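What follows is each chain in one-letter form.
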Amino acid sequence: MDSALSDPHNGSAEAGGAANGTTRPPSTPEGIALAYGSLLLMALLPIFFGALRSVRCARGKNASDMPETITSRDAARFPIIASCTLLGLYLFFKIFSQEYINLLLSMYFFVLGILALSHTISPFMNKFFPANFPNRQYQLLFTQGSGENKEEIINYEFDAKDLVCLGLSSIVGVWYLLRKHWIANNLFGLAFSLNGVELLHLNNVSTGCILLGGLFIYDVFWVFGTNVMVTVAKSFEAPIKLVFPQDLLEKGLEADNFAMLGLGDIVIPGIFIALLLRFDISLKKNTHTYFYTSFAAYIFGLGLTIFIMHIFKHAQPALLYLVPACIGFPVLVALAKGEVTEMFSYESSAEILPHTPRLTHFPTVSGSPASLADSMQQKLAGPRRRRPQNPSAIYEESNPKDAAAVTEGSKEGTEASASKGLEKKEK
């Protein structure tokens, strides 16, 4: 997992030298500012919209869009798995030919990118389809075994609108596969980031702190302690990072002197920010205090990363600045509001968000509306057995003779009190 913000000056010297050994001319201040600002904006978009979509995802009933919940055990193991993966990729690039590895990875991310981009643009594209669009339903089902031992491997439901989105995404995929253009790379990278924030859910704040704390150490070690992460990031030709050229003003869309931001610096803080949005909703106060606080903390942390990188001219582990900001700011707000206990006791995976009625049984109805209405009226008009609601009614059912005596006594008392009231009125 790449999660470092690379120094564009070092990056241009190491990865961008001309074939004859000459170095590129230094980037202009305007080009650097444009690259930094664009990376910041591109990082904010999937976090903001992915967090909003994570709420709808938690409320949804579609099994194919159900989120994947990260537990504390998963969070503790994730930095170890990420370290092994990163080191394995580094060794592969050192031992085997970089061209063949990138070819295999390009085909893999070509398929994943098309699916991710299709899922991303689907809600927006639905607004452009006409009402009479023939939206047929399809299902892709792969099973293993037979009879009682049959096991589902793939069960994907989609419709004609999804096929249109898939076709449009395939155009971007072919563009990326043939040209490796930075715009196609960013489209896939943004789709991966948004899907990650939407579909990966932390079950509570403590798990988020464990995950961010572990990756904080991971990021610092692999960026400052070794050259592994920076080497993999520059050798890995796959949309696992967002890039933006600093020489765009000079070379246009064919620019090739890039600043880059790893998707890990977007997705990891993003799923924590999305968790705080769901926590805001669970408080039922019609405010998004913790979401906006953590979102502002992310802007501050990433801006600080860019500033430090520009000053020291060296690649920076962005999580070194993002983790303290994204955890510290919301916790300080919770301390000020006296809601620390509520924050750390909130369980996202065990809660159905408010205003979300869910059906557990789907009745089967048949017939015309008139026949259904007549049957409902007959049921309402028919005799109904009343359930006893108080102890006296229960006593009447179990002791009918004594209850009759009590009833007669109560009637006599009622008649006596009524006669007394009439006498008072006549006087």
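Treat the numbers as computed from the prediction; the structure is a model and nothing was measured.

(A) Looking closely at the overall build of the protein. A count of helices and strands for the protein gives 16 helices and eight strands. Looking at the 427 residues of the protein, the share that counts as buried comes to 40%. A separation of at least 24 residues holds for 77% of the contacts in the protein among residues at least 6 apart in sequence. Carbon and sulfur atoms make up 63% of the accessible area of the protein, which totals about 24700 Å².

(B) Seen up close, the side chain of Asp159. Looking at the element boundaries, Asp159 is found in strand β4 (residues 151-159). Despite being buried, Asp159 has no salt bridge partner; Lys161 is the closest side chain of opposite charge, sitting 6.4 Å away. Only 2.9 Å separates the side chain of Asp159 from the backbone nitrogen of Asp162, close enough to count as a polar contact. Residue contacts for Asp159: discarding those within four places in its chain leaves Asn135, Arg136, Gln137 and Tyr138.

(C) Molecular detail of the nonpolar core. Residues Phe236, Ile266 and Tyr298 are the most contacted members of the largest nonpolar core, which totals 78 residues. Here this core gets twelve residues from one element, more than from any other, and that element is helix α10 (residues 264-283). The residues touching Ile266, leaving out its near neighbours within four places in the chain, are Ala43, Pro46, Ile47, Ser193, Val197, Leu242, Leu261 and Tyr298.

(D) Highlighting the packing of aromatic side chains. Scanning the model with the defined rule gives 18 aromatic pairs in all. For the ring pair Phe279 and Tyr346, a centre distance of 5.5 Å and an interplane angle of 55 degrees mean the geometry is tilted. Remark: Tyr346 occurs in the loop between α13 (340-345) and α14 (369-381) and Phe279 occurs in helix α10; sequence separation between them is 67 residues. Looking at Tyr346, the relative accessible area reads 5%, which means it is buried. Every member of this aromatic cluster is reached through a ring pair, and the members are Phe48, Phe49, Phe291, Tyr292 and Phe295. Sitting over the face of the ring of Tyr176, Lys180 holds its NZ or CZ atom 5.3 Å from the ring centroid.

(E) Inspection of unusual backbone geometry at higher detail. Residues other than glycine seldom take positive phi values, yet Lys180 does so here, at roughly 55 degrees. Along the chain, Lys180 falls in the loop between α5 (160-179) and α6 (182-199). A relative accessible area of 32% places Lys180 in the partly exposed class. Located in the positive-phi region is Lys284, a residue other than glycine, with phi close to 60 degrees.

(F) Here's a closer look at the pairing of strand β3 (residues 137-144). In the sheet, β3 pairs with β4 via eight bridges, with the strands oriented antiparallel. When the bridges of β4 are listed, Gln137 appears paired with Asp159. With antiparallel pairing between neighbouring strands as the criterion, β3 and β4 make up a hairpin whose turn holds six residues, including Gly145 at a positive phi of roughly 85 degrees.

(G) Fine view of α10. With 20 residues, α10 should cover 28 Å at 1.5 Å per step; its first-to-last C-alpha distance of 29 Å lies within 8% of that length. Counting buried residues in α10 gives 19 out of 20 residues, a clear majority hidden from the surface. Phi for Lys284, located one or two positions after α10, is positive at around 60 degrees.

(H) Representation of a nonpolar patch on the surface within the structure. Judged by side-chain polarity, Phe300, Leu304, Phe307, Ile311, Phe312 and Phe329 come together as a nonpolar surface patch covering roughly 600 Å² of accessible area. The leading source of residues in the nonpolar patch is helix α11 (residues 289-312), at five residues. Its place among the elements puts Phe300 in helix α11.

(I) Main features of the pattern of salt bridges. By the definition in use, this model includes six salt bridges. Notably, a salt bridge pairs Arg53 with Glu198, separated by 3.3 Å at the nearest N-O pair. You can see Arg53 sitting in helix α2 (residues 29-59) and its partner Glu198 sitting in helix α6, a full 145 residues away along the chain. The two residues Arg53 and Glu198 agree in class, both being buried. For Lys251, the salt bridge is made with Asp247, and the minimal N-O distance between the two is 3.8 Å. Taking the relative accessible area as the measure of exposure, Lys251 reaches 47% and is therefore partly exposed. Look at the salt bridges and you will find they share partners, linking Asp247, Lys251 and Asp256 into a network.

Calculation notes
- Residues numbered from 1 in each chain as written.
- Predicted model: local features only at pLDDT ≥ 70, side-chain atom pairs only at ≥ 80, totals over all residues.
- Heavy atoms only, no water.
- Helix = DSSP H or I, 4+ residues; strand = E, 2+ residues; numbered from the N terminus.
- Buried < 20%, exposed > 50% of the residue type's maximum accessible area, 1.4 Å probe, protein only.
- Contact = heavy atoms within 4.5 Å.
- Areas by Shrake-Rupley, 256 points an atom, 1.4 Å probe, with all protein chains shown as cover.
- Lys, Arg positive; Asp, Glu negative; His and termini not counted.
- Salt bridge = Lys/Arg side-chain N within 4 Å of Asp/Glu carboxyl O.
- Polar contact = N/O pair within 3.5 Å; in protein donor to acceptor, adjacent residues only side chain to side chain.
- Core = buried A, V, L, I, M, F, W, Y, C linked by side-chain atoms within 4.5 Å.
- Phe/Tyr/Trp six-rings, centres within 6.5 Å; stacked < 30°, edge-to-face > 60°.
- Lys NZ or Arg CZ within 6 Å of the ring centre and 35° of its normal.
- Pairing = 2+ DSSP bridges.
- Expected span 1.5 Å × (residues − 1).
- Patch = residues over 30% accessible without salt bridge, like charges linked within 9 Å, V, L, I, M, F, W, Y side chains within 5 Å.

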